[in-house]
Amino acid sequence: MKGLELIKKAIALQPVERVPWVPFVGVHGGFLTGVDAETYLKSAEEIVKGVGKAIEEYNPDGIPVVFDLQIEAEILGCRLQWAPHNPPAVVSHLLAEGVSILELKIPTKNDGRIAVVVEATKKLRAKYPDIALYGLITGPFTLALHLMGTDIFMKLFEAPEEVLEVMEFCTKVGVKMSEYLIDAGCDIIAVVDPMTSQIDPLTFETFVTPYVSEIFSFVREKQKLSSFFVCGHAQQNIEAMCDCRPDNVSIDENIPLDFVKEIALKKGISFGGNMKLTVVLLMGNEDDARENALESLDMAGKTGFILAPGCDLPMNTPPKNIKAVSELVHDPYKQDVVRALDKKESTLEIFNMKDYGQADKVIVDIITLDSESCAPCQYMVEAVKKIAPQFDGVVEWREHAIKKMEAVTFMSSLMVKNIPTICIDGKIAFVSKIPPKSDLIAAIQKRVNEKLKLKIKSKRSEILILCENKNDCKTLNAKIQRATTELGKDIDVKIISDKAQMAGFGVVKGPAVVSVSYKLKSEGIDPSLDVIKEWIKEL
């Protein structure tokens, strides 16, 4: 059965001979042909070469033409920052810079890089008539965030009518983009709206449902199929996504596949995903890829399921890992072999993070897929960067992009399960939610205050006056009391006249003075043995 026909059957929830396979090849196509991401995404010829090479190597049933959620924002006037190994990132937000929504125009098919995508689609359609071509558009909520910046989260509550106006405009852009891609030859329009993972179901139903539903309705009128892509920890919104009536929902590894399966099939909607992008496809080997693919196949079953990575493939994903998945999908015997093999135990090293966060500065760790290629990750990092100057010299922030194994180890050591996540001094603070500015500042300030409290306590000192007779200490005590008053110091002064106690300090004859400094080493925790040993060494 040809790929397009197989995918249509799966989406219609009809019986299939095997599960269809759709590798989300984005700038990875450029990796296959030896060009950087910017060159690739600006050339219809390079896109055709890259997608063609992926079809040749990975034997897919369907494939996206382009995976770039910045095309519309760029045309509307947002500035982009290009990178050699990722799609570009939006670095300016028009509506946050004083531009009115009334000044923006719906792009035409000849504007910007839309023309590049349309040309590439037409050529791929002619060359591969039996492959399902996915036309990807930026979801209206994600496009609205590109235009408004992270202020959109505050305005959802403070100025909802403004957000709704922007959403209406972004929906019109989405409908037009769908029309251009359908006319060029796409079979499936995928609305990719990762930023919807940042909102709760009620907010989703108010600010997303009416608008994406309009796009899906348009695609249905054009007698084409649709898919709703989301990444991040969007589990709370799966039912709301299905209620928007797409033909398919596609998710990443943050959401359990069996959870999506149950809801989607109950709603009569097909589903796809959710192979692990980084630890398996990018950094794993062929056995890891086969095992993860089979796990997804067995969990999802054959009804309504399309196997795919959780999002677009990192550019330098080893082709051998993707080929291993393709071979497994097409060969039931290979599936039986992998089932029979014992699963490998994880060899991932876990750090001892029990005492993490005891440095003088407050450490803010942001665990991301990669802020250069993942929109929710980008905006979470931006949220931290934006408030960091308010804590200059007190707070240090770091991004840990899990495209590198050391970041995966760090993520596991902090017991972080979802990305993006913000941790403050090793404690999980915000999971898959870009916090409002006030909440983020409050959470960091709380930890700063805790550390300041520890520092203040650590400075507590006392002076001991040792003498056989308390009357002999009066003059010395008066001098010490005056000295502390003049210096503004809050120091306890104690008089010890017990000879045994004096001897304990090595004092034979009084009056004598002993100064004592106390340093608080921990509070509210049970420190490890190694840490206690280090404290004792200081004595």
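Fair warning: this is a prediction, and the values are worked out from it, not measured in the lab. (Residues numbered from 1 in each chain as written. Predicted model: local features only at pLDDT ≥ 70, side-chain atom pairs only at ≥ 80, totals over all residues. Heavy atoms only, no water.)

**Some points on the overall build of the protein chain**
- Scanning the protein chain for helices and strands turns up 23 helices and 16 strands.
- Each principal axis of the C-alpha atoms in the protein chain carries an extent, and together these give about 105 × 60 × 45 Å.
- For the protein chain, the proportion of its 539 residues judged to be buried stands at 54%.
- Intrachain contacts of the protein chain at a sequence separation of at least 6 include 72% that bridge at least 24 residues.
- Carbon and sulfur atoms make up 52% of the accessible area of the protein chain, which amounts to about 24600 Å² in all.
- Distance between charge centres in the protein chain, computed from 65 positive and 76 negative side chains, equals 4 Å. (Helix = DSSP H or I, 4+ residues; strand = E, 2+ residues; numbered from the N terminus. Buried < 20%, exposed > 50% of the residue type's maximum accessible area, 1.4 Å probe, protein only. Contact = heavy atoms within 4.5 Å. Areas by Shrake-Rupley, 256 points an atom, 1.4 Å probe, with all protein chains shown as cover. Lys, Arg positive; Asp, Glu negative; His and termini not counted. Charge placed at Lys NZ, Arg CZ, Asp CG, Glu CD.)

**Topic: the packing of aromatic side chains**
- Under the definition given, this model contains 9 aromatic pairs.
- Note on Phe-204 and Phe-228: the rings are 6.3 Å apart at their centroids and 40° apart in plane angle, and the pair reads as tilted. Taken as a pair, Phe-204 in helix α10 (residues 201–207) and Phe-228 in strand β6 (residues 225–229) lie far apart in primary sequence, 24 residues in all. Of the two residues examined, Phe-204 and Phe-228, each falls in the buried class.
- Grouped by ring-pair contacts, the aromatic residues Phe-24, Phe-67, Tyr-134 and Phe-229 constitute a single cluster.
- Over the aromatic face of Trp-82 sits the side chain of Lys-42, whose NZ or CZ is 4.8 Å from the ring centroid. (Phe/Tyr/Trp six-rings, centres within 6.5 Å; stacked < 30°, edge-to-face > 60°. Lys NZ or Arg CZ within 6 Å of the ring centre and 35° of its normal.)

**Some thoughts on a nonpolar patch on the surface**
- On the surface, a nonpolar cluster with roughly 320 Å² of combined accessible area is contributed by Tyr-333, Val-337 and Leu-341.
- Relative to the helices and strands, Val-337 is located in helix α17 (residues 332–340). (Patch = residues over 30% accessible without salt bridge, like charges linked within 9 Å, V, L, I, M, F, W, Y side chains within 5 Å. Salt bridge = Lys/Arg side-chain N within 4 Å of Asp/Glu carboxyl O.)

**Digging into the pairing of strand β12 (residues 421–424)**
- The alternating pattern of β12 places Thr-421 and Cys-423 on one face and Ile-422 and Ile-424 on the opposite face, and all of these are buried.
- One ladder, built from 4 bridges, connects strand β10 (residues 362–368) with β12; its direction is antiparallel. Within β12, the position partnered with Asp-365 by the bridge is Cys-423.
- Bridge count between β12 and strand β13 (residues 427–431): 4 bridges; the pairing is antiparallel. Its bridge partner being in β13, Cys-423 is matched across the sheet by Ile-428.
- Hairpin connection, β12 to β13: the antiparallel pair is bridged by 2 residues, and Asp-425 has positive phi, about 50°. (Pairing = 2+ DSSP bridges.)

**As for empty space enclosed by the protein**
- Taken as a whole and judged by the stated rule, the model has 4 cavities of 30 Å³ or more.
- Looking at the largest cavity, its volume works out to about 320 Å³.
- Phe-67, Cys-311, Asp-312, Ser-373 and Cys-374 are the residues nearest the centre of the largest cavity, which is lined by 32 residues in total.
- Counting residues per element, the lining of the largest cavity draws most heavily on helix α18 (residues 375–387), at 3 residues. (1 Å grid on protein atoms, 1.4 Å probe; cavity = no way out; pocket = protein on both sides within 12 Å on 5 of 7 lines; lining within 4 Å. Points joined across faces, edges and corners; volume = space filled by probe spheres on them.)

**Some points on the state of the cysteines**
- Evaluation of the coordinates by the stated rule reveals 1 disulfide.
- What pairs with Cys-467 in a disulfide is Cys-473, and their sulfur atoms sit 1.5 Å apart. Neither residue differs from the other here; Cys-467 and Cys-473 are each classed as buried.
- Cys-231 forms no disulfide, and the closest cysteine sulfur to it belongs to Cys-311, at a distance of 4.7 Å.
- Taking the relative accessible area as the measure of exposure, Cys-231 reaches 12% and is therefore buried.
- Looking at the unpaired Cys-242, the closest cysteine sulfur is the one in Cys-244, lying at 8.8 Å.
- Assessed through its relative accessible area of 0%, Cys-242 is described here as buried. (Disulfide = S-S within 2.5 Å.)

**Comments concerning the environment of Val-279**
- Mapped onto the fold, Val-279 is located in helix α14 (residues 277–282).
- Between the alpha carbons of Val-279 and Asp-336 there is a distance of 23 Å; along the sequence they are 57 residues apart.
- For Val-279, the residues in contact, after removing those within four places along its chain, are Gly-284 and Val-408.

**A short note on the side chain of Thr-121**
- Its location among the elements puts Thr-121 in helix α6 (residues 114–127).
- With residues near it in sequence (within four places) discarded, Thr-121 still touches Val-65, Leu-133, Leu-181, Ala-184, Gly-185 and Cys-186.

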